[in-house]
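Each chain is listed here by its residues.
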Amino acid sequence: MKKTLLKFLAPLLLTLFFSCKDDDKKEQKEAVVKSVVSENYNISILVDLSDRISIKKNPNPTMEYYQRDLGYIKSVSEAFTQHLKSKRIRQINDKMQLFFNPEPLDPTINSISQKLKIVIDKNNASKDLLNSINSNYSSQTLKIYESAIKDDNYIGSDIWRFFDAKVKDQCIEDKKRNILVILTDGYMFYESTIMKDGNRTSYITPELIRKNGLNNKDWEKKFKDQDFGFIEINADLSNLEVLILGINPNKNNPYEEKVIKAYWTKWLTEMKIEHFEIKNADLPSNMDKIIKDFISKN
């Protein structure tokens, strides 16, 4: 009789045991999801409006580089709105904004960029607002690129100065997940910010890489031994995450991509930025998941 009872109860006990384990896992997963969702995002997008987006100087028959930028921005915007829609209204306290450095001379572009500073909390969050963010970002950023290309007056990109003077004040807030997305080909150059300290510079160009002899198989040893890189910025940006999109190395140097990424990696690491990724100028369809995974921490 006891054997028969045990034979009957054993499968039931096993079922209950694994069911409880599954419930525990489910509760843990829900707790993690709730924790991630309740984070407040502070997303900044820094756009390099240098001649890298010129369809005259840098044409691309597959897809123009400015169109790739627009695709990347669309993915960032969609990740932001998806995050908002995953939260309860009372939890929402998030921001997304767009920057240039230096600011374009065209007042129209600067006016448009003001419309792309979205601050949303429980007081103004609504279904209509959430549903309008993606279309608004797409249409307004298109106007910016079209205006810059039509103007055809590319003054360069002062990314070094942006990190030195603006990132801490404009892109970082307490108790928020601070993400900076940079759209750039990886090169930096601005006439008013040309500085050199030993083998450290505030800029990087194909000419500089070639002049410094970082265009051969021994580039990495020379880079490390002679301390090449960007001039170090004395800042602790450990509460900032950086996603760099659009790296487009000069095709004349097979080592150019690695050199560019080495410059950026060294610089970001010295600023104590732990979570960063540096991606090439791939098609937006190939970058969509990468961008959204970075922002959602998948």
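Residues numbered from 1 in each chain as written. Predicted model: local features only at pLDDT ≥ 70, side-chain atom pairs only at ≥ 80, totals over all residues. Heavy atoms only, no water.

A.B. asks: Break down the sheet that holds strand β2 (residues 93-100) for me, with residues and values.
C.D. replies: Reading across the sheet, the six strands line up as β3-β2-β1-β4-β8-β9 and stay open at both edges, with mixed pairing between neighbours. Edge positions in the open sheet fall to β3 (118-121) and β9 (276-280), since each of these has one partner strand only. With direction set aside, neighbouring strand axes in the sheet form an average angle of 10 degrees. Against the sheet, helix α2 (residues 65-85) engages β1 (41-47), β2, β3, β4 (177-183), β8 (240-247) and β9, with an angle of about 165 degrees to β2. Strand contacts of helix α4 (residues 127-151): β1, β2, β3 and β4, with the helix running at about 5 degrees to β2, the strand carrying the most contacts. (Pairing = 2+ DSSP bridges. Helix = DSSP H or I, 4+ residues; strand = E, 2+ residues; numbered from the N terminus. Axes fitted to C-alpha atoms, helices over the stretch in contact; angles between N-to-C directions. Contact = heavy atoms within 4.5 Å.)

A.B. asks: Could you give an account of the confidence of the model for the protein, with specific residues and numbers?
C.D. replies: Residues at a pLDDT of 70 or more form 87% of the protein, whose mean pLDDT is 90. Note that pLDDT drops below 50 for residues 29-36; the model gives that stretch three contacts with residues more than four away or on any other chain. (pLDDT = per-residue confidence, 0-100.)

A.B. asks: Tell me about the environment of Tyr 203, and name the residues and values.
C.D. replies: Within the fold, Tyr 203 resides in the loop between β6 (200-201) and α7 (206-211). By relative accessible area, Tyr 203 is classed as buried at 14%. Considering only alpha carbons, one finds Tyr 203 and Phe 230, 27 residues apart in sequence, at a separation of 6.8 Å. Those residues within four positions of Tyr 203 in sequence are excluded, and the remaining contacts are Met 188, Phe 189, Ile 194, Met 195, Leu 208 and Phe 230. (Buried < 20%, exposed > 50% of the residue type's maximum accessible area, 1.4 Å probe, protein only.)

A.B. asks: Go over the environment of Gly 156 with me, naming the residues and quoting the values.
C.D. replies: By the element assignment, Gly 156 lies in the loop between α4 and α5 (159-165). Separated by 33 residues in the primary sequence, Gly 156 and Phe 189 place their C-alpha atoms 5.9 Å from one another. For Gly 156, the residues in contact, after removing those within four places along its chain, are Ser 50, Pro 102, Phe 189 and Tyr 190.

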